[in-house]
Amino acid sequence: SQYSLKQCHKMFGKPFRGVSSAIIFNGANPLFHQIQPLSSRSGPWNFIISGNFRHADMISPILIALDKLDADFTLHVVGPVLDTLKSELKRDYVNYHGIKSNRDLAEIMSGMDAYFFSAMNSPCPNALIEAVAAGLPVVGYAT
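Presented here is a report on the structure given in the accompanying data block. (Residues numbered from 1 in each chain as written. Predicted model: local features only at pLDDT ≥ 70, side-chain atom pairs only at ≥ 80, totals over all residues. Heavy atoms only, no water.)

It is worth spelling out the pairing of strand S1 (residues 45–50) at this point. Burial analysis of S1 places 5 of its 6 residues in the buried class, the great majority of the element. Relative to strand S2 (residues 73–78), S1 runs parallel, the two being bridged by 6 bridges. Considered in S2, the bridge of serine 50 is made with valine 78. Crossover connection from S1 via helix H2 (residues 60–67) to parallel S2: handedness right-handed. (Buried < 20%, exposed > 50% of the residue type's maximum accessible area, 1.4 Å probe, protein only. Helix = DSSP H or I, 4+ residues; strand = E, 2+ residues; numbered from the N terminus. Pairing = 2+ DSSP bridges. Right-handed = clockwise from strand over helix to strand, strands pointing away.)

This is the structure we're talking about:
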């Protein structure tokens with residue numbers, strides 16, 4: 001993004017004469033597309049969160065909020081989770097899928113009702129773009 005480019009220039013200085021920089025735009029793999037319209041859903045809610053969960057604040061706030069939800073739902077967690085955080089996933093409503101290929105992730109996303117994004121003040125990752133491409137509403141923090 002333009003913001004990221006400015007941050008790089010601020011941290012590392014502007015490129016030397018004759019060397020250029022470029023913005024690389026994020027995009028979604030065509031595997032991620034809306035399969036089932038949300039209006040045709042039935043049964044319990046299915047939520048998904050994906051990423052490389054390296055810190056407690058990447059997943060714990062979502063779990064704490066869902067602990068308070070009085071509804072029939074499943075949270076699908078996709079991606080590597082640090083061993084010290086795996087105990088957080090021991091909840092009846094969590095289905096931990098582990099590490100999946102893009103094709104498998106796209107297939108899992110196709111049956112979901114909403115994507116949860118737990119990072120605060122983060123650049124927009126491809127996982128978020130893929131969720132939107134899959135037609136999922138995104139739930140996140142207003143930061």
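So, on to the pattern of salt bridges. Under the counting rule described, the total for this entry stands at 3 salt bridges. Across the pair aspartate 67 and arginine 91 runs a salt bridge, and its minimum N-O distance is 2.8 Å. One end of the pair, aspartate 67, is in helix H2; the other, arginine 91, is in the loop between S2 and strand S3 (94–98), with 24 residues separating them in the sequence. Across the salt bridge formed by arginine 91 and glutamate 88, the nearest N and O atoms sit 3.7 Å from each other. Residue glutamate 88 is classed as partly exposed on the basis of its relative accessible area, which comes to 27%. When salt bridges with common partners are traced through the structure, they connect Asp67, Glu88 and Arg91 into a single cluster. (Salt bridge = Lys/Arg side-chain N within 4 Å of Asp/Glu carboxyl O.)

Attention shifts here to the sheet that holds strand S4 (residues 114–116). Taken in spatial order, the 5 strands make up an open sheet running S3-S2-S1-S4-S5, and their pairing is parallel. At either margin of the open sheet sits one strand with a lone partner, and together these are S3 and strand S5 (138–139). The strands that H2 touches are S1, S2, S3 and S4; relative to S2, the one it contacts most, it runs at about 170 degrees. Set on the sheet, helix H3 (residues 102–109) makes contact with S1, S2, S3 and S4; between it and S1 the angle comes to about 150 degrees. (Contact = heavy atoms within 4.5 Å. Axes fitted to C-alpha atoms, helices over the stretch in contact; angles between N-to-C directions.)

These results come straight from atomic positions and should not be treated as a statement about function.
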